Amino acid sequence: MACKPEELRHVPLFALLDDDEITVLAGQVEMKKFAARQRIYKMGDAGGQAYIMMSGAVRVATVDQDHQEVIVDEPAHGEFFGFASMLEQTPHETTATALAETVCVEVDRQDIAVLLQRKPLAGMDMLTVLGRQFHASQQLVRLRANRNPNELIETEATFGERVADAVARFGGSWSFIITFGVILVVYTGINSVLRRSAWDPYPFILLNLFLSMLAAIQAPVIMMSQNRQDTKDRLRGELDYDVNRRAESEIQGLAGKLNLLGDKMGDLEDLIRAGLPPKRAEG
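Predicted, not measured: the structure shown is a model, and the values here were computed from it. (Residues numbered from 1 in each chain as written. Predicted model: local features only at pLDDT ≥ 70, side-chain atom pairs only at ≥ 80, totals over all residues. Heavy atoms only, no water.)

What exactly am I supposed to notice about the sheet that holds strand E5 (residues 69-73) here?
Backbone-to-backbone hydrogen bonds pair the strands of a sheet. The strands run either parallel or antiparallel. Here four strands make up an open sheet; going across it, the order is E2-E7-E4-E5 and the pairing antiparallel. Every other strand in the sheet has two partners, leaving strand E2 (39-41) and E5 as the edge strands with one partner each. Across this sheet, the average inter-strand angle for adjacent strands is 40°, counted without regard to direction. The sheet contact formed by E2 and strand E7 (residues 95-98) spans two bridges and is antiparallel. Following the sheet pairing, Tyr41 is matched in E7 by Ala96. (Pairing = 2+ DSSP bridges. Helix = DSSP H or I, 4+ residues; strand = E, 2+ residues; numbered from the N terminus. Axes fitted to C-alpha atoms, helices over the stretch in contact; angles between N-to-C directions.)

What is the right way to look at the nonpolar core in this model?
A general tendency of soluble globular proteins is for nonpolar side chains to be buried together. Ranked by internal contacts, the top residues of the largest apolar core, which has 20 residues, are Leu8, Phe14, Ile52 and Val105. Excluding its chain neighbours within four sequence positions, the residues that come into contact with Val105 are Cys3, Leu8, Val29, Glu30, Met31, Ala50, Tyr51, Ile52 and Met54. (Core = buried A, V, L, I, M, F, W, Y, C linked by side-chain atoms within 4.5 Å. Buried < 20%, exposed > 50% of the residue type's maximum accessible area, 1.4 Å probe, protein only. Contact = heavy atoms within 4.5 Å.)

Just checking my understanding: could you explain the side chain of Ser85 for this structure?
Within the secondary structure, Ser85 sits in helix H3 (residues 83-88). Apart from residues no more than four positions distant in its own chain, Ser85 is found in contact with Gly47, Thr90, Pro91, His92 and Glu93.

What exactly am I supposed to notice about the packing of helix H2 (residues 19-28) against helix H4 (residues 109-118) here?
Between two packed helices, what matters for the description is the angle formed by their axes and the separation of those axes. Here H2 crosses H4 at 170°, and the two axes come no closer than 10 Å. The angle between H2 and H4 places the two elements in the roughly antiparallel class. Facing H2, whose interface residues are Glu21, Val24, Leu25 and Gln28, H4 presents Asp111, Val114 and Arg118. Per-class residue counts for the contact of H2 with H4 are three nonpolar, one polar and three charged. (Parallel < 35°, antiparallel > 145°, perpendicular 65-115°, else oblique. Nonpolar A, V, L, I, M, F, W, Y, C, P; charged D, E, K, R; others polar.)

I'm lost on the pairing of strand E3 (residues 49-55) in this one. Help?
Looking down a regular strand, the side chains alternate between one sheet face and the other. The buried fraction of E3 amounts to five of the seven residues, a majority that puts the element mostly inside the structure. The pairing of E3 with strand E8 (residues 102-108) spans six bridges and is antiparallel. Across the sheet, the residue bridging to Tyr51 is Glu106, located in E8. Examined bridge by bridge, E3 and strand E6 (residues 80-81) share two bridges and lie antiparallel to one another. The residue bridging Tyr51 from the neighbouring strand is Phe81, located in E6.

As far as function goes, none of this settles anything; it's purely spatial.
This is how it looks when you write it as structure tokens:
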């Protein structure tokens, strides 16, 4: 489908072009429509085209060594995706999927070449786009390398879970024990002194009711907090396992390189010995 020049005006990369250049570029590029959940390109496909987001929603993701999907980018209106593979003419390292009905502008390397011939300063805008994507990739790697299970769980905690943690934290502290002990001593002491005029004489039935209610409420709250702690421990164990597995893989790779280096050194020693003149017999 042909692209209208007015639609390219909303793309920041093409905002500096004049009317004639916009018209020429609009005649070269094409508009592509993608249905919801349709794959625009997949990892390993030839990177002959890049795409500019016009409307809809797109998710650009890749798969790490643990075979887990990692979201790399969710381009906004006017932003490129698949740009680096198109410039390098290399297979795509990511998979782009339309999350909703999406319209994109399809651009190939020849379109960019014509654009740079007519507007060389547009290259700075393209470098800016690539630099932003590069920094986003660096940030993604840094966050995945420094994942903290406590931070991951805290960011997803609900209000009720935060309250449960606070109650369990206070209920298991010396502050609670001392405060609760003082209240019990004062309560029983006052009612013992007042005797017949006491509002809760011995055996302190009202106090037993309050204690039973407190235990009935506090027990499930503490269990909820313990379940969250178990989740943290399980996530921490999974992260430790991933780190150990990657470390083992790297150690095996280093061992292989050392063995290969030893073989090369042995071959070099054989060549050196073969090139040396034979020793004269002593006599």
